[in-house]
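# Summary of the model geometry
Okay, here's what each chain looks like letter by letter:
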Amino acid sequence: MMKNPHLEKLTRTHIAFPLIIFSVISVILIYYGIIEKGFQIPNMILLFAGGFFLFTLFEYLMDRYLFHLPATSPKREKFVYTMHGVHHDYPKDKSRLAMPPILSLILATLFFLIFRSLMGDYVFGFLAGFLMGYAVYLAIHYSIHAFKVPGNFLKTLWHHHSIHHYREPSRAFGVSSPFWDMVFGTMPGKTDIDSKS
Ligand SMILES: [Zn+2]
Ligand SMILES: [Zn+2]
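## Remarks on the overall build of the chain
Scanning the chain for helices and strands turns up 9 helices and 0 strands. Listing each helix as α and each strand as β along the chain from the N terminus yields α-α-α-α-α-α-α-α-α. Each of the three principal axes of the chain carries a C-alpha extent, and together these read 55 × 45 × 35 Å. A buried classification covers 39% of the 197 residues belonging to the chain. Taking as baseline every contact in the chain between residues at least 6 positions apart, the subset at least 24 positions apart corresponds to 62%. Only carbon and sulfur atoms are counted for the fraction: they give 69% of the accessible area of the chain, which is about 11500 Å².

## Re helix α5 (residues 101-119)
Three or four residues apart is the spacing at which side chains of an α-helix point the same way, because the helix has 3.6 residues per turn. Relative to the 27 Å expected for 19 residues at 1.5 Å per residue, α5 spans 26 Å between its end C-alpha atoms, a close match to the ideal helical length. Of the positions making up α5, those classed as buried are Pro101, Ser104, Ala108, Phe111, Phe112 and Phe115. On an axial view of α5, the arc spanned by its buried residues comes to 110°, and they lie on one face. Seen from the buried face of α5, the exposed residues on the opposite side, beyond 90 degrees, are Ile102 and Ser117. The elements touched by buried residues of α5 are α2 (16-35), α3 (41-66) and α6 (123-146).

## Re the nonpolar core
Nonpolar side chains tend to gather and get buried jointly when the protein is soluble and globular. Ranked by internal contacts, the top residues of the largest apolar core, which has 31 residues, are Phe115 and Leu127. Taken together, the elements giving at least two residues each to this core come down to α2, α3, α5, α6 and α7 (155-166). The greatest single-element share of this core, amounting to 15 residues, is contributed by α6. With residues up to four places along the chain from it excluded, the contact list for Phe115 reads Leu54, Gly120, Val123, Phe126, Leu127 and Phe130.

## Quick word on the environment of Thr82
Looking at the element boundaries, Thr82 is found in helix α4 (residues 74-89). Sequence separation between Thr82 and Ser26 is 56 residues, and the spatial gap between their C-alpha atoms is 28 Å.

## Some words on the coordination of the zinc ion (ligand 1)
At 1.9 to 2.7 Å from the zinc ion (ligand 1) lie its protein donor atoms, namely Asp63 (OD), His68 (NE2), His84 (NE2), His88 (NE2) and His164 (NE2). Here the donor residues of the zinc ion (ligand 1) are spaced in sequence according to D-x4-H-x15-H-x3-H-x75-H. With His88 in helix α4 and His164 in helix α7, this pair connects stretches of sequence that are 76 residues apart.

## Some remarks on the coordination of the zinc ion (ligand 2)
Coordination of the zinc ion (ligand 2) by the protein comes from His87 (NE2), His141 (NE2), His145 (NE2), His161 (NE2) and His165 (NE2), over a distance range of 2.0 to 2.1 Å. For the zinc ion (ligand 2), the single-chain donor residues occur in sequence as H-x53-H-x3-H-x15-H-x3-H. You can see His145 sitting in helix α6 and its partner His165 sitting in helix α7, a full 20 residues away along the chain. Exposure remark for His145: the relative accessible area of 6% places this residue in the buried category. Using a relative accessible area of 10% as the deciding quantity, one classes His165 as buried.

Calculation rules
- Residues numbered from 1 in each chain as written.
- Chains lettered and ligands numbered in written order.
- Predicted model: local features only at pLDDT ≥ 70, side-chain atom pairs only at ≥ 80, totals over all residues.
- Heavy atoms only, no water.
- Helix = DSSP H or I, 4+ residues; strand = E, 2+ residues; numbered from the N terminus.
- Buried < 20%, exposed > 50% of the residue type's maximum accessible area, 1.4 Å probe, protein only.
- Contact = heavy atoms within 4.5 Å.
- Areas by Shrake-Rupley, 256 points an atom, 1.4 Å probe, with all protein chains shown as cover.
- Expected span 1.5 Å × (residues − 1).
- Arc of directions from axis to C-beta.
- Core = buried A, V, L, I, M, F, W, Y, C linked by side-chain atoms within 4.5 Å.
- Donors = N, O, S within 2.8 Å, 3.2 Å for Na, K, Ca; no water.

Below, the structure is given as structure tokens:
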């Protein structure tokens, strides 16, 4: 993917790194909010839930609008391929299921600044939820590609995401849930599945 072997290595990430990093950061944010800023636990739970919910929307919008940008210029094509196209080409490559932690940490810092300017101290609980939304999304996405379809209710997530990969890349963008696909009308049609397979 990169000509420089060191840069190439940077494009690969072990899934455990971001999961651990963002879980730890979330705990620290919650701790700081409660201990230093004096938030009550119920308020923290609400803020956490709000941030988590916003991440599910963010995740949907990223896959729908950024990761599948039409390749109108070579630069854009390269960008989309690096961000997401490579995952569509090699969905089973487990080292490419999370962005490099350096990049996600920079983005997390940006989100901290944005949310803090919008909501002040509420940022601690809210960002904790947002980052855990990312960690859960990563864990689900990783599981979908690394593990066999489970025999329980979770199998709908496997099914939903495999439609995005193998049948309709312009539908079924939600990974952690099909909720936003329902809201925005990008659910794959049942007949489509049957006729296209
Ligand atoms: Zn995609
Ligand atoms: Zn995938």
